[in-house]
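# Structure assessment
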Amino acid sequence: MKKLICLVLVLLITLNTLIIVASAENAAQTRIACGNVNNDDVISISDATLVQLYLADNCELSLQQKVSADTDGDACVTILDATYIQLLIAKRIDTFAGDSDATSLPDSIGFINNDRNIVINTELLSDTYTLKYEDENGIISSYSDVCQIEVNDSVEIAAYTALIEQNVAPLCATKIGVYNSSDERVGSVTFPSGFTVSQEDKLYSFGAISDTHLGQSPTSKNDYYTTSTDDFITAMKYYTEVSDVDFIAHCGDVTVYSTEEELQLYNSLVSEYCSNIDIPVAAGNHEEYLYNSSDYLESYIGNPLYYSFTHNNDVYIIVGIMSSHEDRLFAEGELQWLYETLEENRNKRCFVFQHIPSKEGSGDALNLLTTCKLDQYKTSLAFKNLLSHYSNAIHFHGHTHMGFELQQYSEDANYDNVLGYHSVHIPSLAVPRGLNEEGKLKTMFDKSQGYVVDVYENGICLKGRDFVNGQFMPIAQYYLDTTIKEIEKNTFVDSTGLIDTSTTK
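To start, this report covers the structure provided alongside it. The model shown is predicted, which means the values in this text are computed figures rather than measured ones. (Residues numbered from 1 in each chain as written. Predicted model: local features only at pLDDT ≥ 70, side-chain atom pairs only at ≥ 80, totals over all residues. Heavy atoms only, no water.)

## Points about the overall build of the chain
Across its full length, the chain carries 10 helices and 21 strands. Among the 505 residues that make up the chain, the fraction classed as buried is 57%. Sequence separation of at least 24 residues holds for 73% of the intrachain contacts in the chain that already meet a minimum separation of 6. In the structure as shown, the chain presents an accessible area of about 21,600 Å², 46% of it carried by carbon and sulfur atoms. (Helix = DSSP H or I, 4+ residues; strand = E, 2+ residues; numbered from the N terminus. Buried < 20%, exposed > 50% of the residue type's maximum accessible area, 1.4 Å probe, protein only. Contact = heavy atoms within 4.5 Å. Areas by Shrake-Rupley, 256 points an atom, 1.4 Å probe, with all protein chains shown as cover.)

Okay, structure coming up:
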């Protein structure tokens, strides 16, 4: 117990603890009471119990309650916070390290809590503050702004809440700089543990794109893809001239109508701008508009409708769509082949590229998608069952065009693992979609989005990029743990009757 009391005393002196929520004129009267988690104006055993219930996933806490619960000022809610509340009640300590009487670290005016919320001090002057990633030399120009946070008399907690658990900072970043509307730096936000990718050696990188939609005549009345050729060229120049990717995986919808003219355009662009790098393509629904023939597509895109290859001991699986009009999204024998491929490589990391997502996974921000086909048919269920069982798979998909920015409104916009495997959505390289002022989807012609994926031994770092602006996007920077899970041989059970599981026994 004496050691614990000493620890608290050390925290009182050293930790960043100014968590004040107030206007500039009336800060002392309106700050959140540290330790008063249930907001009843009394610090009691009920507050400690509420923290314990939250940590056991038996209740939710509001952002304000989490700020109150952070009694040790480390920007996280942990069992220590409940312990300190109990010590205060027992009069073993007189105050909390997270209370406003303790000393704050120089320059620090905010924190990132364990829910990835970025909170800044509301004692700042009323203004809109821009947050930017920094290294020891200043602003990191290769990344766009992290966010903007408004502070005024009506703002109880000045916070940015769009980041999710998997979001991380760039490897080179050391803190987040806070700048006022005059672009003057007023302080910084320090990183909590786990907010940067570990410094393990990168094995290799690859690019991930989707929905390039090349083609369509400029005279067409419904020409939504007039920027597609320029966007494709810009992205290919970045991948081949600036980045160090080994290949670029394409999740489908290469063209608009898969006409011979459009596919020849694709071929000519590939030959001119990225002839030295492979682009495996998973055929999308636009690839079957006029020609329902895998041989026809293969002659242009350069690979079969479905196949796999190995790169640095990782398995890459290309799954093409044969049709989106009936219960035959996949070609005859394709799901059987997928089962046998996943079973054979069940204890390896498998990157699965396939065009259409599930509404249960990522890619359908705000449930706005009305054309998702992966949940309609028996073949779709078999596909999802396979990935759920072979959970070392990472499913990359496109189709919805939902832009990275939509994670501000829906936490599963870009990534989810609700189905038991990693589900990664890739926005359109040609025309990502955002929201207009009325909350309806709009086409963003001024943006072009895709990924650079850095691969490590036990994880991957997804770096979402806007190729038009030439910057990576903090809201689309993720680290996914891909530590291999041991899957017992021949344990997949097919509930659809489409897959013969006896072939691998």
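## Describing the pairing of strand S16 (residues 422–425)
Judged by which residues are buried, S16 turns out to be covered on both faces: His422 and Val424 on one side and Ser423 and His425 on the other are all buried. Sheet topology places strand S14 (residues 393–397) next to S16; 4 bridges connect them, and they run parallel. Counterpart to Phe396 in the pairing with S16 is Val424. Sheet topology note: the strand S15 (residues 415–416)/S16 ladder contains 2 bridges and is antiparallel. Residue pairing across strands places Tyr415 opposite Val424, the latter belonging to S16. The antiparallel hairpin formed by S15 and S16 contains 5 residues in its connecting segment, where Gly420 sits at a positive phi of about 95 degrees. (Pairing = 2+ DSSP bridges.)

## Focus: the environment of Lys384
Note on placement: Lys384 falls in helix H10 (residues 378–389). Accessibility expressed as a relative area gives 10% for Lys384, which makes it buried. A sequence separation of 27 residues divides Lys384 from Pro357, and the C-alpha atoms of the two residues are 9.7 Å apart.

## Some details on the packing of aromatic side chains
Under the definition given, this model contains 29 aromatic pairs. Consider the rings of Phe232 and Tyr266, whose centres lie 6.0 Å apart with planes at 65 degrees: the pair is edge-to-face. Of this pair, Phe232 sits in helix H6 (residues 228–241) while Tyr266 sits in helix H7 (residues 260–273), and the two are 34 residues apart along the sequence. In this pair, the class of Phe232 matches that of Tyr266, namely buried. Here Tyr339 and Phe492 contribute two aromatic rings whose centre-to-centre distance is 5.7 Å and whose plane-to-plane angle is 35 degrees, an arrangement assigned as tilted. Here the residue Tyr339 occupies a position in helix H9 (residues 334–344), and Phe492 occupies one in the segment after strand S21 (471–481), the gap between them amounting to 153 residues. Both residues of the pair, Tyr339 and Phe492, count as buried. (Phe/Tyr/Trp six-rings, centres within 6.5 Å; stacked < 30°, edge-to-face > 60°.)

## Some words on the sheet that holds strand S20 (residues 459–466)
Overall, mixed pairing links the 5 strands, which are arranged S10-S9-S19-S20-S21 in an open sheet. One side of each edge strand has no neighbouring strand; the edge strands of this open sheet are strand S10 (248–250) and S21. Here the average twist between neighbouring strands, direction ignored, is 25 degrees. With 3 bridges joining them, strand S9 (residues 204–209) and S10 adopt parallel strand pairing. Looking at the pairing, Ile209 lines up with His250 of S10. (Axes fitted to C-alpha atoms, helices over the stretch in contact; angles between N-to-C directions.)

## As for helix H3 (residues 45–55)
The set of residues buried in H3 consists of Asp47, Ala48, Leu50, Val51 and Tyr54. For H3, the arc enclosing every buried residue in end-on projection is 160 degrees, short of the 170-degree limit, so these residues lie on one face. The secondary structure elements touched by the buried residues of H3 are helix H4 (63–69) and helix H5 (79–89). Asp57 sits one or two residues past H3 and shows a positive phi near 60 degrees. (Arc of directions from axis to C-beta.)

## Some details on the nonpolar core
Ranked by size, the top nonpolar core spans 85 residues in total, and within it Phe206, Phe353 and Phe396 carry the most contacts. In this structure, Phe396 is in contact with Phe206, Ala208, Cys251, Phe351, Val352, Phe353, Gln354, Val424, Ile426, Val453, Ile460 and Leu462, ignoring residues within four places of it in sequence. Ile321, Phe330, Leu335 and Leu419 belong to the second-largest nonpolar core, a separate cluster that totals 25 residues. (Core = buried A, V, L, I, M, F, W, Y, C linked by side-chain atoms within 4.5 Å.)

## Some words on unusual backbone geometry
Phi is positive for Asp211, close to 50 degrees, though the residue is something other than glycine. Within the secondary structure layout, Asp211 lies in the loop between S9 and H6. At Asp253, a position not held by glycine, the phi torsion is positive, near 60 degrees. On the secondary structure map, Asp253 appears in the loop between S10 and H7. Asp253 gets classed as buried once you look at its relative accessible area, which sits at 2%.

## Things to note about the pairing of strand S11 (residues 306–311)
Where S11 lies against strand S12 (residues 314–319), 6 bridges are found, and the strand directions are antiparallel. Bridge pairing in S12 places Ser308 opposite Ile317. Following S11, the chain reverses through 2 residues before pairing antiparallel with S12; Asn312 in that reversal takes a positive phi of roughly 55 degrees.

## Here we look at H6
Between its first and last C-alpha, H6 extends 20 Å over 14 residues, near the 20 Å set by a 1.5 Å rise per residue. Of all the residues in H6, the buried ones are Ser228, Asp231, Phe232, Ile233, Ala235, Met236, Tyr238 and Tyr239. If you follow the buried residues of H6, they end up packed against S9, S10, H7, strand S19 (449–455), S20 and S21. (Expected span 1.5 Å × (residues − 1).)

## As for the sheet that holds S12
Strand pairing in a sheet relies on backbone hydrogen bonds. The paired strands run either parallel or antiparallel. Overall, mixed pairing links the 6 strands, which are arranged S11-S12-S13-S14-S16-S15 in an open sheet. Because the sheet does not close on itself, it has two edges, and the strands there are S11 and S15. Across the sheet, H9 touches S11, S12 and strand S13 (350–353), and the angle it forms with S12 is around 175 degrees. Along the sheet face, H10 touches S12, S13 and S14 and points at about 140 degrees away from the line of S14.

## Observations concerning the pattern of salt bridges
In this structure the tally under the stated criterion is 12 salt bridges. For Lys66, the salt bridge is made with Asp115, and the minimal N-O distance between the two is 2.1 Å. Remark: Asp115 occurs in the loop between strand S1 (108–112) and strand S2 (118–120) and Lys66 occurs in helix H4; sequence separation between them is 49 residues. For Glu405, the salt bridge is made with Lys447, and the minimal N-O distance between the two is 3.6 Å. Of the two residues, Glu405 sits in the loop between S14 and S15 while Lys447 sits in the loop between strand S18 (441–443) and S19, which places them 42 residues apart along the sequence. (Salt bridge = Lys/Arg side-chain N within 4 Å of Asp/Glu carboxyl O.)

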